[in-house]
Amino acid sequence: SLAQVPSSDFGYVGSASGDWANPGNVIGLADDNCANMGAVGKLNQVSNFGFSLPSDATITGLWARVKAGENGTQAAGIQLASDGFNEPPTLIGAPTSFTVPGTGGNCASTTVIDVGPTLASWGNPVLTPAIVNSSLFGIALTKIEKSSIKVDSICMEIEYTTPAGQSVQNRC
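This is a predicted model, so every value here is computed, not measured.

### Looking at the sheet that holds strand β4 (residues 43-47)
Here is step 1: Across the sheet, which stays open at both edges, the 5 strands sit in the order β2-β4-β9-β6-β7 with antiparallel pairing between neighbours. The strands lining the two open edges of the sheet, one partner per strand, are β2 (15-18) and β7 (91-100). Strand-to-strand twist of the sheet, defined as the mean angle between neighbouring strand axes without regard to direction, takes the value 25 degrees.

See below:
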């Protein structure tokens, strides 16, 4: 049996849909221009991270690095989606939540929140290269409480192994 080669790849949001205000502001690298999450309980989807994992990869971990903030501090929900651009998205794994820190509501003051990294923290979804390489693969975020959540960027990082080849380490 061949030794497994650990690798990772990352991508930033390429598409946004759902209940965002100014959805174009969450696309791409952080630039201090934020999209605002919509009403409590409404889905705010992002997808098209541009992954190109090898077909023989086994996915071992996944992070979402969300650069966000709001006036106070509150929780937001997050879940993986196999078709994060469509409404409603097909959600996979289990929902989880993260705390959005109070940054005074200023987009330039948003901070990076890490969600993950184990597959268990996402509800042990079955992820294959075909799923994550799809332009529709993404995440759905939900505002759980009140107030305005501003999101500047979201970077997703996937760890994987392959049975042969050179290790690739690309990080957010």
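### Let's talk about the nonpolar core
Here is step 1: Counting 37 residues, the largest nonpolar core has Val-46 and Ile-154 as its most contacted members.
Here is step 2: For this core, the elements supplying multiple residues, two or more each, are β5 (58-70), β6 (74-81), β7, β8 (111-115), β9 (138-143) and β10 (149-162).
Here is step 3: The biggest single contributor to this core is β10, with 6 residues.
Here is step 4: Other than its neighbours up to four places away in sequence, Ile-154 contacts Gly-11, Tyr-12, Val-13, Val-26, Val-46, Phe-49, Arg-65, Val-66, Ile-139 and Leu-141.

### Structural notes on the pairing of β6
Here is step 1: The buried fraction of β6 is high, at 8 of 8 residues.
Here is step 2: Bridge count between β6 and β7: 7 bridges; the pairing is antiparallel. Looking at the pairing, Gly-77 lines up with Ser-97 of β7.

Analysis parameters
Chains are numbered independently. Their residues run from 1 in the order of the written sequence. Per-residue local features are limited, in this predicted model, to residues with pLDDT of at least 70; the limit for side-chain atom pairs, both in listing and counting, is 80 or more; totals at the level of whole chains, interfaces and linings are taken over all residues. Excluding hydrogens and water, the side-chain values take into account all heavy atoms of the structure. Two strands form a pair only when DSSP identifies at least two bridges running between them. Helix and strand assignments follow DSSP, with helices taken as H or I runs no shorter than four residues and strands as E runs no shorter than two, numbered in order from the N terminus. Fitting a line to C-alpha atoms yields each axis, with helices limited to the stretch in contact; the angle taken between N-to-C directions then spans 0 to 180 degrees. Within this scheme, the nonpolar core is defined by two criteria: the residues are buried Ala, Val, Leu, Ile, Met, Phe, Trp, Tyr or Cys, and they are joined through side-chain atoms within 4.5 Å. Think of it in three bands: with a 1.4 Å probe and only protein chains considered, a residue is buried below 20% of the maximum accessible area for its type, exposed above 50%, and partly exposed in between. The criterion used for residue contact is that any of the two residues' heavy atoms lie within 4.5 Å.

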